Amino acid sequence: MPRPIQARIHTDAMRHNLQCIKTRAPDSRVWAVVKANAYGHGLDAAFEGFRAADGFACLNLEEAQTLRGLGWRGPVLLLEGSFDPRDLEVCSRLGLWHVVHHDAQIDALSAHKTQVPHHVFLKMNSGMNRLGFAPERFRAAWSRLNALPQVDEITLMSHFSDADGPRGIVHQVETFARHSADLPGERSLCNSAGVLRHASAAGVCADWVRPGIALYGSSPDHPEHGSKDWDLQATMSLVSELIAVQQLQAGDTVGYGSSFTASENLWIGIAAGGYADGLMRSGSNQAPVLVCGVRCQLVGRVSMDMCAVDLRPLIHASITPRAGLPVTFWGQGDDGVMLPIDEVAQACGTIAYELMCGVTARVPKIIFSCADQSTSPTPPR
Ligand SMILES: Cc1ncc(COP(=O)(O)O)c(C=O)c1O
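1. Observations concerning the site of the ligand
1) Next: Taken together, 13 residues form the shell around the ligand, and within it Tyr-39, Ser-192, Gly-212, Ile-213 and Tyr-353 come nearest.
2) Next: At a separation of 2.8 Å, an oxygen atom of the ligand approaches a polar backbone atom of Gly-212.
3) Next: Contact with the protein chains covers 91% of the free accessible surface of the ligand, which is 390 Å².
4) Next: When the residues that make up the shell around the ligand are grouped by side-chain class, the tally is 5 nonpolar, 4 polar and 4 charged.

Structure follows, in C-alpha cells:
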C-alpha cells in the first residue's frame, strides 16, 4: 500500500477559474501562467484545465517543450526570456514568444540566425525593480528591437508590485503609459490581482492578462478577500489519513522538542504528511487541518514524514479517534468540507503560492475531474 498522502488536482476548478478571469477581462486574451510546474499542479493537469486559455506563459524551455509535446500549437511565452543565446534556437524551432528585459537579450537576438522572426515582449521596469528596462531606456530598447530582422512583433509589458495591496497600480500604470504611449504594439500588464481588483480601470487589462494564482483558486489579496469572494475554486487538495492515534495524559508532550504540552487528557492523531511532503514546519502548533471534515489544529512540530493533530474537536463531534480517518491539509476532502489553502498559508506565515509550489515529488498527484469526486480518483499520470 502506498502512503495515503496525495495531491488531488481539480481540472474542473481550473476551467471554472479561467472562466472567472475571462468574465472580468472580457476584451483581453488570457495567458495561463504555468511556471513552476503549473504552481505545483503539474503541467499536464494544467494543460487539461486551461485548454481554453489563449496562451501559456512559463519560465523555461523545458516547460515550453512539454507544452508543445502535449500538443499545444498556440502561443507560449517565456516570462523571463532567454537565459542563454542558444535558447533562441529553441524559440525559433518551437515558435516561442519571449520576454526581453535587458540589453544582452537584444544582443543575442541580433546575432541569432533564424528564418522565423520572433514575437517578443519588451518589459519595462515601471516600479517593481526586478526585471525590465528603466522607463527612460524603454524607447531606445524598443527602437533597437524594431530594427532587427529577427523580430516581427513587439508587445509592451510590465509587472505590478502592489496590485494586491493598498499601494495599488496607479503609479506603475502612469509610468508605463508616460514612457510607451506613442509606441505601437499590444500591451500586457495584469497579474491575478490586477485583473481581480483593478479590471475596471481604463486600459489596465489591455490586450493580454497574465493570471497565475487566481487560476489555481487562491485569492491574491487574502485575507482582505477570500477565494469565495472572487468566486474561485480550489484546484489542489492535499489529503491524507491518520496512521496512528495516541491518548495523552495532562502534562504529556508531543513530538521533537516537546513544543506542545497537553493541558488535559486528550487524543491526538498522527497524520501521514510532513515537511518532506511539502507541509510547512512553520505550521507547527498553528496550522488548521480537517479530520473527517472537522476542523482541528496541528500540535507539536511538523516532522519529516508526520505531523500530529489535536483531536478534541473530533471528540466533540462524537467521532471516535482511530487510524485511517481522512485528513485534509488543504482543499477539499471526500467529505466535501473545504479548508482554504489561503487560511493554511496564513497560519504558516506564508502565501498559497509557496504551499502549492512546495508539494514535493514524492506526493502522488491525482488528476480529478468533477465526475471523479464521488467515485475513486483516476490513476496518477
Ligand atoms: C511576469 C509575471 N506575470 C504574471 C505572473 C502571475 O502572477 P500571479 O500568480 O500573482 O497572478 C507572474 C508571477 O509571478 C509573473 O512573474
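Read on for the rest.
2. A short note on the pairing of strand E16 (residues 306-310)
1) Next: For E16, a buried count of 4 out of 5 residues is recorded, marking the element as mostly surrounded by other parts of the structure.
2) Next: Judged from the 5 bridges that link them, strand E13 (residues 266-272) and E16 form a sheet pairing that is antiparallel. By the bridge assignment for E16, Ile-270 is matched with Ala-308.
3) Next: With 3 bridges joining them, strand E15 (residues 294-299) and E16 adopt antiparallel strand pairing. Paired with Leu-298 across the strands is Val-309, a residue of E16.
4) Next: Once E15 ends, the chain turns through 6 residues before running back antiparallel as E16, passing Gly-300 with a positive phi of about 75°.

3. Regarding the environment of Ile-21
1) Next: Considering the arrangement of structural elements, one finds Ile-21 in helix H1 (residues 11-24).
2) Next: With 228 residues separating them along the chain, Ile-21 and Gln-249 place their C-alpha atoms 51 Å apart.

4. Quick word on the nonpolar core
1) Next: Ranked by size, the top nonpolar core spans 110 residues in total, and within it Val-34, Phe-50, Leu-145 and Phe-329 carry the most contacts.
2) Next: Contacts of Leu-145, omitting those with residues within four sequence positions, involve Val-100, Ile-106, Leu-109, Val-120, Leu-122, Val-151 and Ile-154.
3) Next: Membership of the second largest hydrophobic core comes to 9 residues, among which are Leu-248, Val-254, Ile-270 and Val-299.

5. Concerning the packing of aromatic side chains
1) Next: Scanning all chains against the criterion turns up 12 aromatic pairs.
2) Next: Pairing Phe-47 with Phe-56 gives two aromatic rings, centres 5.7 Å apart and planes at 45°, and the pair type is tilted. Like Phe-56, Phe-47 is buried.
3) Next: For the pair Phe-56 and Trp-72, a centre-to-centre distance of 4.9 Å together with 90° between the ring planes defines the contact as edge-to-face. One end of the pair, Phe-56, is in strand E3 (residues 55-58); the other, Trp-72, is in the loop between helix H4 (61-69) and strand E4 (76-78), and 16 residues separate them in sequence.
4) Next: Looking at Phe-56, the relative accessible area reads 0%, which means it is buried.
5) Next: Here Trp-72 falls in the buried class, since its relative accessible area comes to 12%.
6) Next: Among the aromatic residues, ring-to-ring pairing joins Trp-31, Trp-97, Phe-121 and Trp-208 into one connected group.

6. Thoughts on the packing of helix H6 (residues 103-111) against helix H7 (residues 135-146)
1) Next: It is at 10 Å that the axes of H6 and H7 come closest, and there the two elements cross at 10°. Taken together, the axis directions place H6 and H7 in an arrangement best described as roughly parallel. Together, Asp-103, Ile-106, Asp-107 and Leu-109 of H6 and Arg-137, Ala-141, Arg-144 and Leu-145 of H7 make up the contact between the two elements.
2) Next: Of the residues that constitute the contact of H6 with H7, the class distribution is 4 nonpolar, no polar and 4 charged.

Calculation rules
Residues numbered from 1 in each chain as written. Predicted model: local features only at pLDDT ≥ 70, side-chain atom pairs only at ≥ 80, totals over all residues. Heavy atoms only, no water. Near = heavy atom within 4 Å. Polar contact = N/O pair within 3.5 Å; in protein donor to acceptor, adjacent residues only side chain to side chain. Areas by Shrake-Rupley, 256 points an atom, 1.4 Å probe, with all protein chains shown as cover. Nonpolar A, V, L, I, M, F, W, Y, C, P; charged D, E, K, R; others polar. Buried < 20%, exposed > 50% of the residue type's maximum accessible area, 1.4 Å probe, protein only. Helix = DSSP H or I, 4+ residues; strand = E, 2+ residues; numbered from the N terminus. Pairing = 2+ DSSP bridges. Core = buried A, V, L, I, M, F, W, Y, C linked by side-chain atoms within 4.5 Å. Contact = heavy atoms within 4.5 Å. Phe/Tyr/Trp six-rings, centres within 6.5 Å; stacked < 30°, edge-to-face > 60°. Axes fitted to C-alpha atoms, helices over the stretch in contact; angles between N-to-C directions. Parallel < 35°, antiparallel > 145°, perpendicular 65-115°, else oblique.

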